[in-house]
Amino acid sequence: MFSALMDAARNSPFKAPFSRAQCDASEKSLVPSGDRTIQAASTKEVEFGSNEFFGLCALGGILSCGLTHTAVVPLDLVKCRLQVDAAKYKNLFHGFKVTVAEEGARGLAKGWAPTFFGYSAQGAFKFGLYEVFKIQYANMIGEENAYLYRTWVYLGASASAEFFADIALSPLEAAKVKIQTTPGYANNMRQAMPKMMGEEGIAAFYKGLVPLWCRQIPYTMMKFACFERTVELLYKHVVPKPRAECSKGEQLVVTFAAGYIAGVFCAVVSHPADVVVSKLNQAKGSSAIDVAKKLGFMGMWHGLMPRIIMIGTLTALQWFIYDGVKVALNIPRPPPPEMPESLKKKLGVE
């Protein structure tokens, strides 16, 4: 399997724009000539498509998702409570006030453990498998089609990766929501998971999987496709110089901006399913359809504004950390894709 991935990566249309020679040239242009010998000796770029490449991408996903989701647990907790009890938690600020008044400041950290472990696992699959599927799908349709239909490649690769990522996330997401939205149920993950298993069996951890897919797959498709295309547009129309002439710091600023824009769209498209997931894990014995009917169309938009703030910031930070890990570990980072020479000739493009 891994040898096949290596062969696919070496032939990938997404590899051509950032071949080793081009990466070396662009990096050298940013380094004084006297320091190049030292830099060459001290840095070794990870081979594109190698087992190490995919493993380090998964590590970047663990750090980007695990750390960021854990950092916004207080906001996530209030958002979930707004979704399941809008009468008590009237708005974002009132939700914080009521939570602190009833449980103290420590109450805002409820659910941090399942959040950290769940989203770390999800991040490994999400980012690691995205790189795998992007290479595979691009090679399946060929270099020219991979460029012309690159948005569909991003959408397909991200949807495929998220399918598996949510299977890893679902049990811990169920525990997190139970802790945060059911008063007195459990104070931590160690208490919640055995209790849930005793009450409903393994189904307690996977009854929210389908609505989780409905929430996370559209979210991730938007997250990756919107990010990839926004980066292209920013370098083409906003950034005043080519990417190769930008410092790594400047490139990371572009990454953060593109990530935030993508995050806003992610929050909107995935919000109704997010509300259903929150209600479903609170209501024992209910199905996703039952919850959706009870909520109604307007009810599925409770808590949208705090989620836009949370997901926008979260997505921007995730891309910033993921790209930062690639910089730190010398993992190949593709510039915006360029039209293949063969396609330029066919279309008469100079």
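Since the structure is predicted, the reported quantities are computational estimates derived from the model, not experimental observations.

Let's shift gears to the overall build of the protein chain. Each helix and strand counted, the protein chain has 16 helices and zero strands in total. For the protein chain, the proportion of its 350 residues judged to be buried stands at 51%. Look at the contacts in the protein chain between residues 6 or more apart in sequence, and 79% of them connect residues 24 or more apart. Surface summary for the protein chain: the accessible area is close to 16,200 Å², and the carbon and sulfur share equals 65%.

Moving on to the nonpolar core. Within the largest apolar cluster, 31 residues are counted, with the highest numbers of intra-cluster contacts made by Phe53, Phe127, Tyr130, Phe227, Tyr235, Trp319 and Ile331. Residue assignment for this core shows that the elements contributing at least two residues are helix H4 (51-71), helix H7 (112-141), helix H9 (150-181), helix H12 (209-238), helix H13 (248-282) and helix H15 (304-328). The leading source of residues in this core is H12, at seven residues. Aside from chain neighbours lying at most four places away, what touches Phe53 is Val46, Glu47, Phe48, Glu131, Ile331 and Pro332. Judged by nonpolar contacts, the second largest core, of 16 residues, contains Val72, Val78, Ile308 and Ile311.

Turning our attention to the packing of H7 against H12. It is the contact of H7 with H12, at a shortest axis distance of 13 Å, that shows an interaxial angle of 55 degrees. Classified by the angle their axes make, H7 and H12 are oblique. Where H7 crosses over H12, the handedness of that crossing is right-handed. In this structure, H7 uses Tyr119, Gln122, Lys126, Phe127, Tyr130 and Lys134 to contact H12, whose residues at the interface are Arg215, Gln216, Tyr219, Thr220, Lys223, Phe224 and Glu228. Within the contact of H7 with H12, the residues separate by chemical class into five nonpolar, three polar and five charged.

Confidence along the protein chain averages 84 in pLDDT terms, with 86% of residues attaining 70 or more. The lowest-confidence element of the protein chain is helix H2 (residues 20-28), averaging 40 in pLDDT; the highest-confidence one is H7, averaging 96. In the model, residues 16-42 has pLDDT below 50 throughout and makes 24 contacts with residues more than four positions away in sequence or in other chains.

A few words now on the packing of aromatic side chains. Under the counting rule described, the total for this entry stands at 15 aromatic pairs. Ring centres of Phe48 and Phe53 lie 5.0 Å apart, and the angle between their planes is 55 degrees; on these two criteria the pair is classed as tilted. Judged by relative accessible area, which is 9%, Phe48 ranks as buried. Residues Phe224 and Trp319 carry aromatic rings whose centres are separated by 5.1 Å and whose planes lie at 75 degrees to one another, so their mutual orientation is edge-to-face. With a gap of 95 residues between them, Phe224 in helix H12 and Trp319 in helix H15 connect regions that are remote in the sequence. Take Phe224 and Trp319: they sit in the same class, and that class is buried. Aromatic rings pair up to connect Phe127, Tyr130, Phe224, Phe227, Trp319 and Tyr322 into one cluster. For Lys178, the ring lying beneath its charged end belongs to Tyr185, and the centroid distance is 5.1 Å. A cation sits over an aromatic face here: Lys195 above Tyr185, 4.4 Å from the ring centre.

Moving on, we get to helix H6 (residues 92-103). For H6, built from 12 residues, the straight-helix expectation of 16 Å at 1.5 Å per residue is met to within 8% by its first-to-last C-alpha distance of 16 Å. Listed in full, the buried residues belonging to H6 are Leu92, Gly95, Val98 and Thr99. The arc that holds every buried residue of H6, seen down its axis, measures 125 degrees, which confines them to one face. What points out from H6, more than 90 degrees from its buried face, is the exposed set Phe93, Lys97 and Ala101. If you follow the buried residues of H6, they end up packed against helix H5 (73-84) and H15. Residue Asn91 occupies the N-cap position of H6, its side-chain oxygen lying 3.2 Å from the main-chain nitrogen of Phe93.

This part is about H5. For H5, with 12 residues, the first-to-last C-alpha span of 16 Å sits near the 16 Å given by 1.5 Å per residue. Burial analysis of H5 places 11 of its 12 residues in the buried class, the great majority of the element. Here H5 has its buried residues at Val73, Leu75, Asp76, Leu77, Val78, Lys79, Cys80, Arg81, Leu82, Gln83 and Val84.

Within the secondary structure, Lys126 is located in helix H7. A distance of 2.8 Å separates the side chain of Lys126 from the side chain of Glu162, its partner in a polar contact. The contact partners of Lys126, leaving out residues within four places of it in the chain, are Cys65, Ala161, Glu162, Ala165, Gln216, Tyr219, Thr220, Lys223 and Phe224.

Rules used throughout
- Residues numbered from 1 in each chain as written.
- Predicted model: local features only at pLDDT ≥ 70, side-chain atom pairs only at ≥ 80, totals over all residues.
- Heavy atoms only, no water.
- Helix = DSSP H or I, 4+ residues; strand = E, 2+ residues; numbered from the N terminus.
- Buried < 20%, exposed > 50% of the residue type's maximum accessible area, 1.4 Å probe, protein only.
- Contact = heavy atoms within 4.5 Å.
- Areas by Shrake-Rupley, 256 points an atom, 1.4 Å probe, with all protein chains shown as cover.
- Core = buried A, V, L, I, M, F, W, Y, C linked by side-chain atoms within 4.5 Å.
- Axes fitted to C-alpha atoms, helices over the stretch in contact; angles between N-to-C directions.
- Parallel < 35°, antiparallel > 145°, perpendicular 65-115°, else oblique.
- Left-handed = near helix turned anticlockwise from the far one by under 90°.
- Nonpolar A, V, L, I, M, F, W, Y, C, P; charged D, E, K, R; others polar.
- pLDDT = per-residue confidence, 0-100.
- Phe/Tyr/Trp six-rings, centres within 6.5 Å; stacked < 30°, edge-to-face > 60°.
- Lys NZ or Arg CZ within 6 Å of the ring centre and 35° of its normal.
- Expected span 1.5 Å × (residues − 1).
- Arc of directions from axis to C-beta.
- Polar contact = N/O pair within 3.5 Å; in protein donor to acceptor, adjacent residues only side chain to side chain.

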